[in-house]
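Chain and residue survey
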Amino acid sequence: MAKVLIQFAHPILSKSRIHASLIQHCSTLKNVTVNDLYERYPDLYIDVDREQQLLLAHDIIVFQHPFYWYSSPAIIKQWFDLVLEHDWAYGSRGKALAGKCMMNAISCGGSREAYSPTGTNRYTINQFLAPFEQTARLCKMTYLPPFVIHATHRLNVDELSDYGQQFRSILSALSSDQITAQDMERVQYINELAPYLNRSQV
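Described below are features of the structure shown in this document. None of these values were measured; they are calculated from a predicted model.

What counts, and where the lines are drawn
Note that residues are indexed from 1 along each chain, following the sequence as it is written. Where local features are concerned, this predicted model is filtered to residues with pLDDT of at least 70; where side-chain atom pairs are given and counted, the filter is 80 or more; whole-chain, interface and lining totals use all residues. Only heavy atoms go into the side-chain values, all of them from the structure, while hydrogens and water stay out. Buried residues are those whose accessible area, probed at 1.4 Å on protein chains only, stays under 20% of the maximum for their type, while exposed residues exceed 50% and partly exposed ones sit between those limits. To qualify as a helix, a DSSP run of H or I must reach at least 4 residues; to qualify as a strand, a run of E must reach at least 2; elements of each kind are numbered from the N terminus. When the strands point away from the viewer, a crossover counts as right-handed if the path from the first strand over the helix to the second runs clockwise. The pairing criterion for strands is at least two bridges between them, as found by DSSP. A side-chain nitrogen of Lys or Arg and a carboxyl oxygen of Asp or Glu constitute a salt bridge if their distance falls within 4 Å. To get an axis, fit a line to the C-alpha atoms, keeping to the stretch in contact for a helix; angles then go from 0 to 180 degrees between the N-to-C directions. Orientation categories follow fixed angle ranges, with anything under 35 degrees roughly parallel, anything over 145 roughly antiparallel, 65 to 115 roughly perpendicular, and all other angles oblique. By definition, residues are in contact when any of their heavy atoms lie within 4.5 Å. Gly is put with the polar residues, along with every residue not named as nonpolar or charged; the nonpolar set is Ala, Val, Leu, Ile, Met, Phe, Trp, Tyr, Cys and Pro, and the charged set is Asp, Glu, Lys and Arg.

Where burial is concerned, most of strand E1 (residues 4–8) is hidden: 5 out of the 5 residues are buried. A crossover links E1 with its parallel partner strand E2 (residues 32–36), the connecting element being helix H1 (residues 17–26), and its sense is right-handed. Here E1 pairs with strand E3 (residues 60–66) via 5 bridges, running parallel. By the bridge assignment, Val4 is partnered in E3 with Ile60.

So, on to the pattern of salt bridges. Following the criterion strictly, the structure yields 6 salt bridges and no others. The salt bridge partner of Glu51 is Arg50, with a shortest N-O separation of 2.7 Å. The class for Glu51 is buried, based on a relative accessible area of 0%. Note that Arg186 and Asp183 form a salt bridge whose closest N and O atoms lie 3.7 Å from each other.

Bringing the packing of helix H3 (residues 48–56) against helix H4 (residues 74–83) into the picture now. The contact between H3 and H4 brings their axes to 10 Å, and the two run at 90°. Taken together, the axes of H3 and H4 are roughly perpendicular relative to one another. Contact residues: Val48, Glu51, Gln52 and Leu55 in H3; Trp79, Leu82 and Val83 in H4. A breakdown of the residues in the contact of H3 with H4 according to their chemical character gives 5 nonpolar, 1 polar and 1 charged.

By themselves, these observations are geometric and do not establish any function.
What follows is the structure, encoded as structure tokens:
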């Protein structure tokens, strides 16, 4: 079974209902490691060797974070700058991550309609995540559709739990290779596949 590494980044987790729910639902899954970047590196001083070893030990890398100003919290940019070294992650000799998968799991306050060509934000979530996709491709990784939760401030307790269950189900299916490339080609968000997965995974 594939091993999943969640690179979790939220500067104020105590104020996030949705990310607390996602972590709670997935942290007990076998083959899933949660790496809380702000808890581990409150001063943004990244232990590059530790992070590279974590990457080598896992097959699927998930960047879980709120969608801040059309991107990620600052520590993820710092992490990319330091950890993905030339001739290790990319470059003519950089093949350490080749064949692995990357994806984002994000929350945003705006609706899905707001993230469209005719919406307030003018572009789709997938378009805003293009730097992540290109980073994955540069490192010879496969970029998977993101897990996206919209309008987070409107979610009730049951909806929070439902998203947590979806996230758990998706990670379990990815770990056990139950989601095919063809499945992912037909969706914008990977959570759209959750209703079709075997509920026993949850």
